[in-house]
Amino acid sequence: MTREKWDVAGGRADVIYTPDPASRFVAEIKWRTTRWKTQDVVERDYLAQAANYTATGPPFALLLVGDASDHSAGYRDIEDSIWIIRHARSATEIPRLIVTGVLPTTRPTPSALRVGRTAGPAGR
């Protein structure tokens, strides 16, 4: 396991796991302070870099995004926050599989969470 390794596909890979000399698995780790609305937003912002690290190794990588946005109203379902992207950088390239997860960080303690107030007696 290696962290912050330079000169990987022309950049710096965050975490690399090398189980044997012929295999290298890269985890690209990002941090967001703004809420993400769709998977397309995450893919637009981070997919190209994660996929590029697979150019000289197995066509597989991890893209992990820490979501440090406001979670005071709760969190997304885990099923909506983890998905697999099948991505080829060109028509002739073998598609890369990028396992993507956007996970809440800087979480408040459960006692700090509050339910939003609703208007009128029907909401009580």
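What you see is a predicted model, and the numbers here were worked out from it, not measured in a lab.

Draft legend 1. Seen up close, the packing of aromatic side chains. A full pass over the atoms with the stated rule returns 1 aromatic pair. The ring of Trp36 has Arg76 sitting right over it, with the charged end atom 3.7 Å from the ring centre.

Draft legend 2. Region of the structure containing the nonpolar core. If you look at the biggest cluster of nonpolar residues, it comprises 13 residues, and the most contacted ones within it are Val42, Leu63, Val65, Trp83, Ile98 and Val102. At the level of secondary structure, the elements contributing two or more residues to this core comprise helix H1 (39-52), strand S4 (60-67), strand S5 (82-87) and strand S6 (96-104). For this core, the leading source of residues is H1, giving 5 residues. The residues touching Trp83, leaving out its near neighbours within four places in the chain, are Trp36, Gln39, Val42, Glu43, Ile98, Val99, Thr100 and Val102.

Draft legend 3. Up close: the pairing of S4. In this structure, strand S3 (residues 23-32) lies alongside S4, joined through 7 bridges in parallel fashion. Pairing of Trp31 across the sheet is with Gly66, part of S4. Pairing of S4 with S6, which is carried by 8 bridges, proceeds in the parallel orientation. The residue bridging Ala61 from the neighbouring strand is Ile98, located in S6.

Draft legend 4. Region of interest: H1. For H1, with 14 residues, the first-to-last C-alpha span of 19 Å sits near the 20 Å given by 1.5 Å per residue. Considering bend angle alone, the principal kink of H1 is centred on Tyr46 and spans about 55°. Here H1 has its buried residues at Val41, Val42, Tyr46, Leu47, Ala50 and Ala51. Buried residues in H1 make contact with S3, S4, S5 and S6.

Draft legend 5. Main features of the side chain of Glu28. Examined against the element boundaries, Glu28 turns out to sit in strand S3. We classify Glu28 as buried; its relative accessible area is 2%. At 3.1 Å, the side chain of Glu28 forms a polar contact with the side chain of Lys30. Of the polar contacts made by the side chain of Glu28, one reaches the side chain of Gln49; its length is 3.3 Å.

Rules used in this analysis
Residues numbered from 1 in each chain as written. Predicted model: local features only at pLDDT ≥ 70, side-chain atom pairs only at ≥ 80, totals over all residues. Heavy atoms only, no water. Phe/Tyr/Trp six-rings, centres within 6.5 Å; stacked < 30°, edge-to-face > 60°. Lys NZ or Arg CZ within 6 Å of the ring centre and 35° of its normal. Core = buried A, V, L, I, M, F, W, Y, C linked by side-chain atoms within 4.5 Å. Buried < 20%, exposed > 50% of the residue type's maximum accessible area, 1.4 Å probe, protein only. Helix = DSSP H or I, 4+ residues; strand = E, 2+ residues; numbered from the N terminus. Contact = heavy atoms within 4.5 Å. Pairing = 2+ DSSP bridges. Expected span 1.5 Å × (residues − 1). Bend = angle between axes of the 7 residues up to and from the residue. Polar contact = N/O pair within 3.5 Å; in protein donor to acceptor, adjacent residues only side chain to side chain.

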